[in-house]
Amino acid sequence: MTTTIAPSRRALLGGLATLGALAAASPKASAGPTAIHYGGPSIPLWPGAAPGAPAILPKRRIEQRSQSAAFDDRWLYGVATPTIEVRRPAYQDGSAVILVPGGGYGFLSIDNEGEEQANWLTQRGVTCFILYYRLPGEGWGDRGLVPLQDMQRAIRLVRHRAGEFGIDPARVAVLGFSAGGHLAGSLATRFAEKTYAPRDAADALSARPDLTGLIYPVITLSETFVHAGSRDNLLGPGASAAAARAGSVEQRVGADTPPTFLTAASDDGLVPIQNSLAMYQALLAKARPCEFHGFDQGGHGFGARLPQTVPAHAWPDLFHAFGRRHGVF
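Residues numbered from 1 in each chain as written. Predicted model: local features only at pLDDT ≥ 70, side-chain atom pairs only at ≥ 80, totals over all residues. Heavy atoms only, no water.

**Student:** Just give me the short version of the overall build of the chain, but keep the residues and values in it.
**Tutor:** For the chain, the count of helices and strands is nine helices and twelve strands. When the 329 residues of the chain are sorted by exposure, 56% land in the buried category. A sequence separation of at least 24 residues applies to 81% of the contacts in the chain between residues at least 6 apart. Accessible surface, the chain: about 13,000 Å² in total, of which carbon and sulfur atoms supply 55%. (Helix = DSSP H or I, 4+ residues; strand = E, 2+ residues; numbered from the N terminus. Buried < 20%, exposed > 50% of the residue type's maximum accessible area, 1.4 Å probe, protein only. Contact = heavy atoms within 4.5 Å. Areas by Shrake-Rupley, 256 points an atom, 1.4 Å probe, with all protein chains shown as cover.)

Here you go:
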């Protein structure tokens, strides 16, 4: 079952720009990738209630952070029904990316780390699925597993419905930002962990991503450079040292961790770049395919918004090139 969501202000502007570009394009030009088609279907992850549902479900709330009518910067709270929001390109290369917004496990930055990422990816022919995952502090049972349950279910559902969306189930990447990077990294290192009881045929499929991108990610939950807000929102205040270590992505890298791309800025004052360095070192220690780009400027939460004068603006092209080398794009 699918439902349609209303487009954002930015989506409407992008859609109008796309129509104008298509009208002006020659037949030859229109054969290549074009801009995103906003307002795709919203697909619930779970048949029925999600695992560990509380008696009173959280209420959906969106906070508009943008001060400009030209673009949105929405924060989503109250995810009672986790979904994947489908954004399809006019031209498809057969690959898919599940986008995982950040927000410290306390909210989801659905534009900066969702819609805007889908925009540049769909222009390259990639079908995108923005993951609206549950927030662990909103009353769910077994809170430390809640986001990973949704992440595992999302990739299985994308693979299960690959034919419907014209994608190759062996070319599915995940791209996570900040705390969403912790979640994407958790999937890459814990994809085989049984976090929920199977619901249907989709749950027989592998949850291993074919490629992982971690952008200014939260990685550790136990070291001195931890982002304490993400740790406490995920595990709850006062979690044990053992739980924090078990939830640290750098501790879970193994021989089957997929190719991983990392980028962060050394002037990140919120999630220290040491998180990315710890993950990079763990991947190297296990001889896993990986690439790390550390930039001197960019701060935190830069998404795809950096001007060309800031070197970190180049990360989308670098990530896409990494994916091409590994046969995903």
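Don't stop here, the text continues.
**Student:** So what about the nonpolar core? Which residues, and what values?
**Tutor:** Formed by 83 residues in total, the largest nonpolar core has its most connected members in Ile 84, Ile 98, Leu 99, Phe 129, Leu 175 and Trp 315. No other element matches the seven residues that helix H3 (residues 146–160) contributes to this core. When neighbours within four sequence positions are excluded, Ile 84 is seen to be in contact with Pro 41, Ser 42, Ile 43, Leu 45, Phe 129, Ile 130, Leu 131, Ala 154, Leu 157 and Val 158. (Core = buried A, V, L, I, M, F, W, Y, C linked by side-chain atoms within 4.5 Å.)

**Student:** An account of the packing of aromatic side chains is requested, with residue identities and associated values reported.
**Tutor:** The way to describe two aromatic rings as a pair is by their centre distance and the angle between their planes. Following the criterion strictly, the structure yields 13 aromatic pairs and no others. With a centroid separation of 5.7 Å and 90 degrees between ring planes, the pair formed by Trp 120 and Trp 315 is classed as edge-to-face. Taken together, the residues span a long stretch of sequence, with Trp 120 in helix H2 (residues 111–122) and Trp 315 in helix H9 (residues 315–325) at a distance of 195 residues. Judged by its relative accessible area of 8%, Trp 120 is buried. Residue classification places Trp 315 among the buried positions, given a relative accessible area of 0%. Relative to Phe 322, the ring of Phe 261 has its centre 5.9 Å away and its plane inclined at 50 degrees; by these criteria the two rings are tilted. You can see Phe 261 sitting in strand S11 (residues 260–265) and its partner Phe 322 sitting in helix H9, a full 61 residues away along the chain. Assigned by exposure class, Phe 261 and Phe 322 land together as buried. Members of the aromatic cluster, connected to one another through ring pairs, are Trp 120, Phe 177, Tyr 216, Phe 302 and Trp 315. Across the ring face of Tyr 77, the terminal group of Arg 61 is positioned such that the distance to the ring centre comes to 4.1 Å. The ring of Trp 140 carries the charged tip of Arg 134 above its face, separated from the ring centre by 4.7 Å. (Phe/Tyr/Trp six-rings, centres within 6.5 Å; stacked < 30°, edge-to-face > 60°. Lys NZ or Arg CZ within 6 Å of the ring centre and 35° of its normal.)

**Student:** Any chance you could break down the confidence of the model for the chain for me, citing the residues and the numbers?
**Tutor:** Here the chain shows a mean pLDDT of 90. Residues at 70 or above account for 88%. Low pLDDT, under 50, characterises residues 1–37; the stretch is placed with 55 contacts to residues that sit more than four places away or in other chains. (pLDDT = per-residue confidence, 0-100.)

**Student:** Describe unusual backbone geometry, listing the residues and the values that go with them.
**Tutor:** Most of the time, phi is negative for any residue but glycine, and the peptide bond is trans. One non-glycine residue, Tyr 105, adopts positive backbone phi at about 60 degrees. One can find Tyr 105 in the loop between strand S6 (96–100) and strand S7 (108–109). Relative accessible area serves as the criterion here: at 2%, Tyr 105 is assigned to the buried category. Despite not being glycine, Ser 178 shows a phi value in the positive range, around 55 degrees. In this fold, Ser 178 is placed in the loop between strand S9 (172–177) and helix H5 (179–190). We classify Ser 178 as buried; its relative accessible area is 7%.

**Student:** Quick one: what's the story with the environment of Pro 82, residue by residue and with numbers?
**Tutor:** Within the element layout of this structure, Pro 82 appears in the loop between strand S4 (74–77) and strand S5 (83–87). Once residues within four sequence positions are removed from consideration, Pro 82 is found in contact with Ile 43, Pro 44, Leu 45, Trp 46, Ala 50, Tyr 132, Tyr 133, Arg 134 and Asp 150.

**Student:** Explain H3 to me, using residue names and the numbers behind them.
**Tutor:** For H3, which comprises 15 residues, the first-to-last C-alpha distance of 21 Å matches the rise-based estimate of 21 Å (1.5 Å per residue) to within 8%. Most of H3 is tucked away, with 14 of its 15 residues classed as buried. (Expected span 1.5 Å × (residues − 1).)

**Student:** Talk me through H2; I want residue IDs and the actual numbers.
**Tutor:** The periodicity of an α-helix, 3.6 residues per turn, causes residues three or four positions apart to be oriented the same way. Within H2, twelve of the twelve residues are buried, which leaves it mostly tucked inside the rest of the structure. Among all positions of H2, only Asp 111, Asn 112, Glu 113, Gly 114, Glu 115, Glu 116, Gln 117, Ala 118, Asn 119, Trp 120, Leu 121 and Thr 122 are buried.

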